[in-house]
Amino acid sequence: VAVSPSEEREFREFVAGRSAGLLRTAYMLTGDPHLARDLLQTALEGAARHWSRIEGPPEAYVRTALYRHQVNWWRARARRPETVGAVPERAAGGDHAAATADRHALFDALRTLPPRQRAVVVLRYWEDRPEAEVAELLGIAVGTVRSQASKALAKLRAAYPTAPEGANR
Amino acid sequence: MTIEDELRALPGPPALPPPADLADAVLRGVRRRRARTAVAAAAVLVAAAVAVPVATLRGGGPDRVPARPAPTGSAPTEPAPTGPRTTRLTDLPGGPVTITAFTVDDTGRTWVLDPATGAYAEVPYAAAVVSPDGRRVAVSDGRRTGLADVGDLGRVRWTGLAGGRPAWSPDGRRLLVTAVDRGSGLVYRLQALTVATGAVRTTRLVNPPIVGDPAWAADSADFLVARRVYDDPDGAPLVTAPQVVHPDGTFGATWLGTGGRPTFSPSGARAAVDPSDLPVLRPTETSIVDTRTGDRLTGLPAGATHAWPKTAGWYDESSVVRLQDAPELSVVDATTGAIRRVVRLPSLPPLSAVQLGPRTGAAPGF
């Protein structure tokens, strides 16, 4: 599929304007900055190849590609055990530094989830998308979104117990 | 604060700037891929010109040839078709089954056998599916579906049907082209073309709970779809199983506990069902199914070099042919899973698919 000069300009403008947000999502999905860049570049290459045929907002196209590539990468790796890092101890204390450390701890806990569960959690909670939209983006059933989210939250709760209501975090 | 709230409040990576040359890198990657495609095609042309009897796709393939400098200026275009490029396979040791077509993984292009000459010609379309008798090929460029004789690929008769990848009925008389329309939900139109008469019968499915393109059933009358079924207790997000769809659009039996797309034994009594393209119950097994009852008879584990099984077709009534990396074909006992034969194809680059048929004429066999 050819990319005309005008389409190339359009594509470059899109990358310049949207790649920071897309890279953040890729990082949340992969938990690794290098994998995130690889994932985003792969998704953008697909978009570049099909640029003239993308209907609707290209960002939605690229985001969908990010999620689906991530799931496919998981499938390709599924026969090999994934290295799961240990969840770090949570920081104690109630000041700002401790809160920041807590967020790092939650992020580290998120990284320990299997990629498919991480994708569901990122879409459903971090991006705050409705279950039906998550299901459509990942190409899975709404019930599957619920079950995957439920399992993921159970793991996160075990690794990262939340503070009681009203407690200063 | 619940864990859900914590996740919503999670700020994400604070400092992760995208590379400054990201757009350049992406476009370079696209161009490099096209340049490799052109180099591979050129290597095949050279090989054909010097009449080397061994296929040279591997030696001149995209993973073995130094990359050409990426084109400068505006983005490159697809090379203009200059007539079919041809090559021959001399790797096959002889036997009753032949490779009627193979698809090169890196380029996505399919090469189709002309049994009259024993040569393979590259098809300049996105999809090419050879008929069960090996004499015709159905092609699709993404907008149109056409038919051509395998010995005359330059003369395509366009059918007027648009849709996805075409599928031949097992009896070779009809072609299935599925179109998906968007509007108030998804409407699948299963267009069954009777090749001899040009008659088209359309089956409509509105918002069907299916994945991927429908296929033919063994009787060449019903269809099989990959139906979304249920969640796997181990956490796989989706399970599919083939389900019969009758021409009137009603659903029939479901082959539970299998996978996605089936290939049928010569008699049609058994089917090998690979996992679909989405996570399934047994992602690394090919299920062997009794097509009469829908019962799953056994499972064949994935081969040594493919994480995901790729069944190319049936070798005979009791064994299937599986595509492995390298590339090579293995003939696997459909009951025990034992590997009966391995046929290596050292002159070919990695393949994404092969199509099989009975050996006729000057075709090479295995």
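Residues numbered from 1 in each chain as written. Chains lettered and ligands numbered in written order. Predicted model: local features only at pLDDT ≥ 70, side-chain atom pairs only at ≥ 80, totals over all residues. Heavy atoms only, no water.

A. The arrangement of the overall build of chain B in detail. Helix and strand counts for chain B stand at 2 helices and 25 strands. Out of the 366 residues in chain B, the part that is buried amounts to 52%. Counted over contacts in chain B with a minimum sequence separation of 6, partners at least 24 positions apart contribute 45%. Surface accessibility of chain B: about 15700 Å² in total, with carbon and sulfur atoms responsible for 53%. (Helix = DSSP H or I, 4+ residues; strand = E, 2+ residues; numbered from the N terminus. Buried < 20%, exposed > 50% of the residue type's maximum accessible area, 1.4 Å probe, protein only. Contact = heavy atoms within 4.5 Å. Areas by Shrake-Rupley, 256 points an atom, 1.4 Å probe, with all protein chains shown as cover.)

B. Representation of helix α6 (residues 131-138) of chain A within the structure. Residues and elements named next belong to chain A. Burial in α6 covers these residues: Val134, Ala135, Leu137 and Leu138. One face of α6 carries all of its buried residues, which in axial projection span an arc of 165 degrees. Positioned one or two residues after α6, Gly139 has a phi angle of 70 degrees, which is positive. (Arc of directions from axis to C-beta.)

C. The arrangement of the sheet that holds strand β8 (residues 152-158) of chain B in detail. Residues and elements named next belong to chain B. Ordered by their spatial adjacency, 4 strands build an open sheet running β5-β6-β7-β8, and the pairing between neighbours is antiparallel. Two strands lie at the open edges of the sheet, namely β5 (127-130) and β8, each paired on one side alone. Between one strand axis and the next, the sheet turns by 30 degrees as a mean value, whatever way the strands run. In this sheet, strand β7 (residues 145-149) lies alongside strand β6 (residues 136-140) in antiparallel orientation, the contact comprising 5 bridges. Bridge pairing links Arg136 to Asp149 in β7. (Pairing = 2+ DSSP bridges. Axes fitted to C-alpha atoms, helices over the stretch in contact; angles between N-to-C directions.)

D. Spatial organisation of empty space enclosed by the protein. For the structure on display, the rule yields 3 cavities of 30 Å³ or more. Put simply, the second largest cavity is a space of about 60 Å³. Across the lining of the second largest cavity, the residue classes break down as 5 nonpolar, 4 polar and 1 charged. (1 Å grid on protein atoms, 1.4 Å probe; cavity = no way out; pocket = protein on both sides within 12 Å on 5 of 7 lines; lining within 4 Å. Points joined across faces, edges and corners; volume = space filled by probe spheres on them. Nonpolar A, V, L, I, M, F, W, Y, C, P; charged D, E, K, R; others polar.)

E. Expanded view of the sheet that holds strand β17 (residues 262-264) of chain B. Residue and element names in this part refer to chain B. With antiparallel pairing, the 4 strands of this open sheet are ordered in space as β17-β18-β19-β20. With partners counted over all chains shown, the strands left at the sheet margins are β17 and β20 (296-301), one partner each. On average, each strand axis in the sheet is inclined to that of its neighbour by 25 degrees, with strand direction left out of account. Here strand β18 (residues 270-273) pairs with strand β19 (residues 285-290) via 4 bridges, running antiparallel. When the bridges of β19 are listed, Arg270 appears paired with Asp290.

F. Molecular detail of the packing of helix α1 (residues 5-30) of chain A against helix α2 (residues 33-49) of chain A. Residues and elements named next belong to chain A. Look at α1 against α2: their axes get within 8 Å of each other, and the N-to-C directions meet at 135 degrees. Considered as vectors, α1 and α2 are oriented oblique to each other. Relative to α2, the crossing made by α1 is right-handed. Mapping the contact onto sequence places Phe11, Phe14, Val15, Ser19, Leu22, Leu23, Ala26, Tyr27, Leu29 and Thr30 in α1 and Pro33, Leu35, Ala36, Arg37, Leu39, Leu40, Leu44 and Ala48 in α2. Counted by class, the contact of α1 with α2 contains 15 nonpolar, 2 polar and 1 charged residues. (Parallel < 35°, antiparallel > 145°, perpendicular 65-115°, else oblique. Left-handed = near helix turned anticlockwise from the far one by under 90°.)

G. Representation of the pairing of β5 of chain B in the model. Residues and elements named next belong to chain B. Side chains Ala127 and Val129 project from β5 onto one buried face, and the interleaved Ala128 and Val130 project onto a second face that is buried too. Across 4 bridges, the pairing between β5 and β6 is antiparallel. Among the inter-strand pairings, Val129 is bridged to a residue of β6, identified as Ala138. Two successive antiparallel strands, β5 and β6, enclose a turn made up of 5 residues, where Gly134 displays a positive phi of approximately 75 degrees.

H. Summary view of the pairing of strand β3 (residues 110-114) of chain B. Residues and elements named next belong to chain B. Among the 5 residues of β3, 5 are classified as buried, and the element is accordingly described as predominantly covered. By the alternation rule, side chains of β3 split into Thr110, Val112 and Asp114 and Trp111 and Leu113, which are all buried. Relative to β3, strand β2 (residues 97-104) is paired through 3 bridges, and the arrangement is antiparallel. Residue pairing in the sheet places Thr103 in a bridge with Thr110 of β3. Sheet analysis places β3 next to strand β4 (residues 119-123), joined by 5 bridges and oriented antiparallel. Across the sheet, the residue bridging to Asp114 is Ala119, located in β4. The turn linking β3 back onto β4 is made up of 4 residues, and Gly118 within it adopts a positive phi angle of 80 degrees.

I. Looking closely at the confidence of the model for chain A. Within chain A, residue pLDDT values average 72, and 73% of them lie at 70 or more. Here residues 163-169 of chain A scores under 50 on pLDDT; set against residues more than four positions off or in separate chains, the count is 13 contacts. (pLDDT = per-residue confidence, 0-100.)

J. Examining the pattern of salt bridges more closely. In total, this model carries 12 salt bridges over all chains according to the counting rule given. Here the residues in one salt-bridge network are Glu8 and Arg12 of chain A together with Asp24 of chain B, joined through shared partners. (Salt bridge = Lys/Arg side-chain N within 4 Å of Asp/Glu carboxyl O.)

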